[in-house]
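Each chain, letter by letter, is given below.
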Amino acid sequence: MDRLKVAIIDDHPSNFATVEAIVGDFADTVYFKSGITALHGIPDIQPDVILLDVEMPTMDGYDTCIKLKSGEKTESIPIMFVSSHDTLEYKIKGYNAGAEDYVCKPFNGDELIAKIKALSEIKRKQEIHKKQIVELNQKVVDVNERAALVMDTMGDMGLLLSFMEEIHICCNYEDIGNLLLETLIRYDINGRVEIAAQDKLFNLRLDNIITPLEADILRTVAGEDKIITGENFITLNYEHISLFVPNIPHEGHAKIDRVKNLAIQMTTVANERIKNLITLDLVKNQYADMRFILSALNELEIDENKLVKSVKEVGFSIRELAGENLIPQFEEKRLTMIVKDLLDADA
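Note that this is a predicted model, so its numbers are computed, not measured.

What counts and what doesn't
Residues numbered from 1 in each chain as written. Predicted model: local features only at pLDDT ≥ 70, side-chain atom pairs only at ≥ 80, totals over all residues. Heavy atoms only, no water. Pairing = 2+ DSSP bridges. Helix = DSSP H or I, 4+ residues; strand = E, 2+ residues; numbered from the N terminus. Axes fitted to C-alpha atoms, helices over the stretch in contact; angles between N-to-C directions. Right-handed = clockwise from strand over helix to strand, strands pointing away. Buried < 20%, exposed > 50% of the residue type's maximum accessible area, 1.4 Å probe, protein only. Contact = heavy atoms within 4.5 Å. Salt bridge = Lys/Arg side-chain N within 4 Å of Asp/Glu carboxyl O. Patch = residues over 30% accessible without salt bridge, like charges linked within 9 Å, V, L, I, M, F, W, Y side chains within 5 Å. Areas by Shrake-Rupley, 256 points an atom, 1.4 Å probe, with all protein chains shown as cover. Lys, Arg positive; Asp, Glu negative; His and termini not counted. Charge placed at Lys NZ, Arg CZ, Asp CG, Glu CD.

Quick word on the sheet that holds strand β1 (residues 4–9)
Sheet strands pair by backbone hydrogen bonding; their relative direction is either parallel or antiparallel. Within the open sheet, the 5 strands sit side by side as β2-β1-β3-β4-β5. Their pairing is parallel. Each of the sheet's edge strands pairs with one partner strand only, and the pair in question is β2 (27–32) and β5 (101–104). When the angles between neighbouring strand axes are averaged without regard to direction, this sheet yields 25°. Relative to β5, strand β4 (residues 79–83) runs parallel, the two being bridged by 4 bridges.

Shown next as structure tokens:
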């Protein structure tokens, strides 16, 4: 067992000598002749137990005890009053001052040894308990942080679902870019967007007109890696959309990582919606061309049955083509060949 360290505060050196002789086999002793000197020395020494005389000049034992118990570095050190007064009044006064024990002079050596060892064991258990409390509080903090993260993640999922619902209502490229920016601004993410669709470029920013340098950055990163991160920026690059976020807020890493993941998911969805709009525009154009050709064919009075037969080869009928439904993925080259066949047959 490690030797204990006992601090003795007493204005009579003879009392120190007496205690030292009793505890010398298991403890090292440090002597302070007054409460004032003890207040300066004990925080650095950190003894296991303090023996404190009640009656001392200038600052008595009670005031010394109160000050020691109010110090951050000394509040947990057990204090045992040493006094010649064996009355309840003195013991209550010592208890109210913050002491853990009380022994009367002249004291029995075995009793003093037992009391010192008991106080040191109490201190040891209190330190273990204090450490456990700190660990428990940290676990509570960790649990609360995880719970908050789960709640935030659930909120993120709700926001992402709402974004996915709203983006399918967007019918032009600017609306898609603005919806992405408006959603991210809820997380203090003020981004810049470039959309490339059908040989057109759209540069978007919510709070201002996009600067030439920002546009240049978006153009530069458009052909680079999908995700580029710097000290305080991130760019996300997809086939038809690029997102540039300068000045990323320096908050908790967990939140920033969460927002980055959310931005990636939203930008991915936005890119798919842009692809859908591009395909839809192409289909509409092809459909318009088809309607024009059908009208021309009708004017030539080509046999409808022959036209139906030829068109059915690619999965459509003349009545379906004449209807209001869009024609998905219809190839103009194939249509040209069909029309040519029809004209050759009519000739």
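And the narrative resumes.
Remarks on the pairing of β2
In this sheet, β2 lies alongside β1 in parallel orientation, the contact comprising 6 bridges. Across the sheet, L4 pairs through a bridge with A27, a residue of β2. For the crossover that starts at β1, traverses helix α1 (residues 13–23) and ends in the parallel β2, the hand is right-handed.

Brief notes about the pairing of strand β10 (residues 241–246)
β10 sits mainly inside the fold: 6 of its 6 residues count as buried. The alternating pattern of β10 places I241, L243 and V245 on one face and S242, F244 and P246 on the opposite face, and all of these are buried. Pairing of strand β6 (residues 192–197) with β10, which is carried by 4 bridges, proceeds in the antiparallel orientation. Residue pairing for β10: E194 is matched across the bridge by S242.

A look at the environment of A97
Tracing the backbone shows A97 in helix α4 (residues 88–97). A97 sits in the buried class, given a relative accessible area of 7%. Along the chain, A97 and C65 lie 32 residues apart, while their C-alpha atoms are 6.0 Å from each other. Those residues in contact with A97 that lie beyond four places of it in its chain are Y62, C65, I66, K69 and F81.

Let's talk about the pattern of salt bridges
This structure, assessed with the given rule, holds 10 salt bridges. Close ionic contact of R219 with E194 constitutes a salt bridge, the shortest N to O distance being 2.3 Å. Taken together, the positions of R219 in helix α7 (residues 212–221) and E194 in strand β6 put the pair 25 residues apart, joining distant regions of the chain. With a closest N to O distance of 4.0 Å, E239 and K275 form a salt bridge.

Some words on a negative patch on the surface
The grouping of E165, E166, E174, D175 and E182 at the surface amounts to a negative patch. Considering every element that reaches the negative patch, the biggest residue donor is helix α6 (residues 173–184), with 3 residues. Tracing the sequence through the fold places E182 in helix α6. In this structure E182 comes out as partly exposed when scored by relative accessible area, which is 42%.

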